[in-house]
Amino acid sequence: MKIKLLILLILALFLISGLIFINRSIVENDEGIYWITFLLANKGYKLYSEIAFSQLPGFFISTYGIFKLFGSTIFAARLAVFYWSVLALLSVVWLGYIRKNILFSLVSIVLLIAIPTFFNQSITLQSDIVAASFSTLGFVFMMSFINNKFSTSSNSKPSYVRLILSSLFFSFALLTKFDYSLVIPFGFILLTQKKNRIPNIFLFAASSIFTIFVTLNFFGIDVVLSNVLTLREKALTVYPFEPFKVFEYLKKDTLLLTLILVNIFYSVFKFRKGITFLSLLLWFISSLLLVFSFRPLFSHHLVFLTVPTVLLFSNQFTSIKRLIEVRVIIILIIGILGFTYNFSQLSSRQKSNFIREREVAKKFILENTNNSDLIITDEAALYGMTNRLPPPELVDLSYVQIRSGNITSEKFQSAIEKYKPKLIIVWNGRLKEINNLEYLTAAYYRIIYSSNGKLIFKLD
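Residues numbered from 1 in each chain as written. Predicted model: local features only at pLDDT ≥ 70, side-chain atom pairs only at ≥ 80, totals over all residues. Heavy atoms only, no water.

The domains assigned to the protein chain are domain 1 (1-350) and domain 2 (353-459). Centre-to-centre, using C-alpha coordinates, domain 1 lies 34 Å away from domain 2. Tallying the contact residues gives 26 residues for domain 1 and 28 residues for domain 2. Around 2200 Å² of area is buried between domain 1 and domain 2 when both sides are counted, 68% of it from carbon and sulfur atoms. Where domain 1 touches domain 2, the interface holds three residue pairs in polar contact (both at pLDDT 80 or more). For the side of domain 1 that touches domain 2, the secondary-structure elements that each account for two or more residues are α2 (29-42) and α11 (221-238). If you tally residues by element for the side of domain 1 that touches domain 2, the top one is α2, at eight residues. In terms of residue class, the side of domain 1 that touches domain 2 is built from 16 nonpolar, six polar and four charged. (Domains from an automatic or database assignment. Contact = heavy atoms within 4.5 Å. Buried area = accessible area lost by both parts, 1.4 Å probe. Polar contact = N/O pair within 3.5 Å; in protein donor to acceptor, adjacent residues only side chain to side chain. Helix = DSSP H or I, 4+ residues; strand = E, 2+ residues; numbered from the N terminus. Nonpolar A, V, L, I, M, F, W, Y, C, P; charged D, E, K, R; others polar.)

Here the focus is the packing of aromatic side chains. For the coordinates displayed, the defined rule picks out 37 aromatic pairs. Seen from their ring centres, Phe 14 and Phe 118 are 6.5 Å apart, and the 35° between their planes marks the pair as tilted. Here Phe 14 is found in helix α1 (residues 2-22), whereas its partner Phe 118 is found in helix α6 (residues 116-122), with 104 residues between them in sequence. The exposure class of Phe 118 is buried, given its relative accessible area of 1%. Each ring, one from Trp 94 and one from Phe 141, has its centre 5.2 Å from the other, and the planes form 75°; the classification is edge-to-face. With Trp 94 in helix α4 (residues 74-98) and Phe 141 in helix α7 (residues 128-147), this residue pair connects regions lying 47 residues apart in the sequence. (Phe/Tyr/Trp six-rings, centres within 6.5 Å; stacked < 30°, edge-to-face > 60°. Buried < 20%, exposed > 50% of the residue type's maximum accessible area, 1.4 Å probe, protein only.)

The next point concerns the pairing of strand β2 (residues 423-426). Residues Leu 423 and Ile 425 line one face of β2 and the alternating positions Ile 424 and Val 426 line the opposite face, and both faces are buried. Relative to β2, strand β1 (residues 375-377) runs parallel, the two being bridged by three bridges. Bridge pairing in β2 places Thr 377 opposite Ile 425. (Pairing = 2+ DSSP bridges.)

A word on the nonpolar core. Core analysis: the largest hydrophobic core is formed by 144 residues, its most contacted members being Leu 125, Ile 376, Phe 412, Ile 424, Ile 425 and Leu 431. No other element matches the 14 residues that α4 contributes to this core. Residues contacting Leu 125, with those up to four places away along its chain left out, are Glu 31, Tyr 34, Trp 35, Phe 38, Phe 59, Ile 74, Ala 77, Arg 78 and Val 81. (Core = buried A, V, L, I, M, F, W, Y, C linked by side-chain atoms within 4.5 Å.)

Right, let's get into helix α20 (residues 409-419). All buried positions along α20 are accounted for by Ser 409, Phe 412, Ala 415 and Ile 416. One side of α20 carries all its buried residues, which in axial view fall inside an arc of 130°. Set apart from the buried face of α20 by more than 90 degrees, the exposed residues are Glu 410 and Lys 418. Lys 420, located one to two residues past α20, shows a positive phi value of around 50°. (Arc of directions from axis to C-beta.)

We now examine the environment of Leu 282. Structurally, Leu 282 can be placed in helix α14 (residues 275-293). With a relative accessible area of 23%, Leu 282 lands in the partly exposed category. Distance in space between the C-alpha atoms of Leu 282 and Phe 313 is 13 Å, their sequence separation being 31 residues.

Written as structure tokens, this is what we have:
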């Protein structure tokens, strides 16, 4: 009973703190890009064919409805991401019930909330935590399917519903961020089942393929591939393969790194049999491979490691029956310290000069434009903050888009000649990477603001 109460308190703490920090200023440029992408969709522009969008459709499908329902604000967009993160945590609690080990659930959710990468991404408008949540839900439904604990009769229908739901979430993990980390563990689980092995594999594969095909076809397979895969291919030629960069990022997330090292030690020296351990181990290894394969690699990609790492650790941790109360107290202390650290880091980032400087650009936009005017800026948060739209094909002016050659000087010039945006705001250095930027704007624009490398051009 005490463990259940602790789980409720921790989940409540996560909900309250998450809702508090959802309503904060934007720091990550990607959040501004996705926010204005959703706002353009509100205006009737079509994703991929009219709006340049670098993410797979699973991200849009899973978040846009909540975004629109709750007011189309950055708070609403983050709330959609937070929703999936909460569901992932609840599914971890359910996994403890499936395994008849509620202590496993307690340890898991405490550590997940304490890990900065998981907590921060849960309240940030990024696709990574959404895909990781889908994988978590897919894994739990698969474990429920093979456990068949909650079937009320010998009828197999409820169990097959779980298998289909597992395939659905697995498909959306792929459709959101190419999260293929469950391919190997699911293959192992389905192939090692003695009963109905072939029908189960066929049903899972058919359901997954159908989900992926229908989703891609809804938006247009050709335009999705053109927006997403073409950019990835171009990025491969520009960004070097840097797998060891993972360790640089892990140094900044000490708890996650420690759990990874403990898992590796236990897996080598304390190898255990059993489908749960082997499935979690394979998921852990596959997630490591997934993160190492990202190119370009960013710190937020570490979120794919968090759930399998924590679940594998919790599985080993709760299998030891000695000194349970002492070990739970240690875990709770670690959770409190990690949670406090997350709070302090998020709070300090809200006091940065970057946020204050952005207010200058916001003021210029509001004074020199009206709601019907288009603008272009490499500080994407300014679009939502001022309720101004960009040309839809230039919504994403990220380093990846520009350095890969997806946004060229010719494409930029064509857009400003077509749309005649009222202002061009060069704020965080990305637009400066477009060749001959000042030459491209000279025929139509004059500089009305220049300070510390930041420029604002106004249409004459």
